[in-house]
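An overview of the molecular structure
So you can see what is in the structure, the chains are spelled out below.
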Amino acid sequence: MEELRHPALGAVRVFLMPDDNKARKLRYNLGHPRVLTFGGAYSNHIRAVAAAGRRHGFETIGVIRGEERLPLNPSLAYAAACGMRLDYLDRGSYRRKHTPEVLARLRERWGEVTILPEGGSNAAAVRGCAELPACIDVPYDVVCCPVGTGGTLAGIAAGLPPGKRALGFAVLKGAGFLAGEVARLQREACGRVLDNWSIDLDHHFGGYARTTPELDAFAAEHGVERLYVAKMLLGIVDLARRGAFAAGTRVVAVITGQPWTPVAEWGAPTGFDSGEPR
Ligand SMILES: *Cc1c(COP(=O)(O)O)cnc(C)c1O
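Position numbers for residues count from 1 along each chain, tracking the sequence in the order it is written. Local features are withheld for residues below a pLDDT of 70 in this predicted model, meaning they are given only at 70 or higher, and side-chain atom pairs are given and counted only at 80 or more; totals for whole chains, interfaces and linings count all residues. Heavy atoms from the whole structure form the basis of all side-chain values; hydrogens and water molecules are not counted.

**As for the domain arrangement of the protein chain**
Where each domain begins and ends follows an automated or database-derived domain assignment. With domains assigned, the protein chain is organised as domain 1 (2-22 + 122-256) and domain 2 (30-115). In this structure, domain 1 and domain 2 have C-alpha centres spaced 27 Å apart.

Here is the structure:
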């Protein structure tokens, strides 16, 4: 694993572990012939679901927040190229997307579908991410990850051996509610809430999808994605500078942003489920 180099780290070591958390979250959510899910117009989750549908040969429907804008942005164009069908919800309905009323409307429109929540965070996603710690091949004390909806952190913490800790960095402003989300997800996936994790709320750099010149410069210098990964890494550097980690602490930072696989490189669908071929 590559190490992060930064003068403020002092005696704290930070190992960078590239890992596609969105793929992990989907792993135990596969096996349904038709999947509907939600996301913003630049959602990594939407892209991951579309790519999985393309790869495994199941139908996908992406319900996007806001109005349709044409031409599609590169993220949605990629999803569409994978075969995802796109639907749109106005912002008010989108806020109520998980209510029975809006879900009934979507089921009426799209028929029999398996619905995955926004960001893909459910109990199955937690089980998928719980497999991550076993893939870490350096000695460590703490695993860090960015936090959007909390499924990744909930899973990593659930998969940690005794004595290790997980620390998430919220990329949203005012994200105090996220601890409740992580707790709920662990209760659903593991039957209890673990006490080996926490969430830093102070490194959102203005909020979800926001950035600052400092963040942009750091991301460019280290060649990392800005909106999740750079916030976490700069958060780790900042905590180290302030002495929040004991000297010699070994941190594994999960680099969650993954390059998109070009659609042309998806071979024939693997036909994951035993349902009808498309
Ligand atoms: C979705 C995402 C996260 C956060 O995952 P959650 O499980 O939603 O907290 C982190 N990094 C990247 C690049 C993501 O796309």
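That was the structure; now back to the text.
**Digging into the packing of aromatic side chains**
Only Phe, Tyr and Trp rings are paired, with Trp represented by its six-membered ring, and only when their centres lie within 6.5 Å; those with planes under 30 degrees apart are stacked, over 60 edge-to-face, the remainder tilted. All chains considered together, the criterion is met by 3 aromatic pairs. With 5.3 Å between their ring centres and 55° between their planes, tyrosine 78 and tryptophan 260 make a pair best called tilted. Taken together, the positions of tyrosine 78 in helix H3 (residues 74-81) and tryptophan 260 in the segment after strand S10 (250-255) put the pair 182 residues apart, joining distant regions of the chain. For tyrosine 78, a relative accessible area of 10% translates into the label buried. Taken together, a centroid distance of 6.3 Å and an interplanar angle of 75° make the contact between tyrosine 208 and tyrosine 228 edge-to-face. Of the two residues, tyrosine 208 sits in the loop between strand S9 (197-200) and helix H9 (213-222) while tyrosine 228 sits in helix H10 (residues 226-241), which places them 20 residues apart along the sequence. Note on criteria: charge over ring means Lys NZ or Arg CZ within 6 Å of the ring centre, with the direction from the centre no more than 35 degrees off the ring normal. Across from the ring centre of tyrosine 228, 5.7 Å away, lies the NZ or CZ of lysine 22, which sits over that ring. Segments assigned H or I by DSSP are reported as helices when at least four residues long, segments assigned E as strands when at least two residues long, and all are numbered from the N terminus. Exposure is judged per residue with a 1.4 Å probe applied to protein chains only, and the accessible area is read against the type maximum: over 50% gives exposed, under 20% gives buried, and values in between give partly exposed.

**Focus: the nonpolar core**
Where a protein is soluble and globular, its nonpolar side chains tend to be buried together. Within this scheme, the nonpolar core is defined by two criteria: the residues are buried Ala, Val, Leu, Ile, Met, Phe, Trp, Tyr or Cys, and they are joined through side-chain atoms within 4.5 Å. Counting 29 residues, the largest nonpolar core has Ile136, Leu153 and Trp197 as its most contacted members. Breaking this core down by element, the ones donating at least two residues are strand S2 (13-18), strand S7 (142-147), helix H7 (151-159), strand S8 (165-170), helix H8 (178-190), S9 and S10. In terms of residues, this core owes the most to one element, H7, which gives 4 residues. Contacts: residue pairs with any heavy atoms within 4.5 Å of one another. Setting aside residues up to four positions removed in sequence, tryptophan 197 forms contacts with Leu153, Ala157, Arg165, Ala166, Ala179, Val182, Ala183 and Gln186.

**With respect to the site of the ligand**
Looking at the ligand, there are 15 residues lining it, with Lys22, Lys25, Asn44, Thr149 and Thr256 nearest. Contacts to the ligand include glycine 150, whose backbone N or O atom sits 2.8 Å from an oxygen atom. Definition of a polar contact: a pair of N or O atoms within 3.5 Å, with one able to donate and the other able to accept a hydrogen when the atoms are protein atoms, and with sequence-neighbouring residues admitted only if both atoms are side-chain atoms. For the ligand, an oxygen atom lies 2.7 Å from a polar atom in the side chain of threonine 152. Surface accessibility in these figures is a Shrake-Rupley result with a 1.4 Å probe; residues are shielded only by whichever protein chains are displayed. Expressed as a share of its isolated accessible area of 380 Å², the protein-covered part of the ligand is 97%. Broken down by secondary-structure element, the contributors of at least two residues to the shell around the ligand are helix H1 (21-27), S7 and H7. With 3 residues, the single largest contributor to the shell around the ligand is H1. We call a residue near a molecule or strand as soon as one heavy atom of that residue lies within 4 Å of the molecule or strand.

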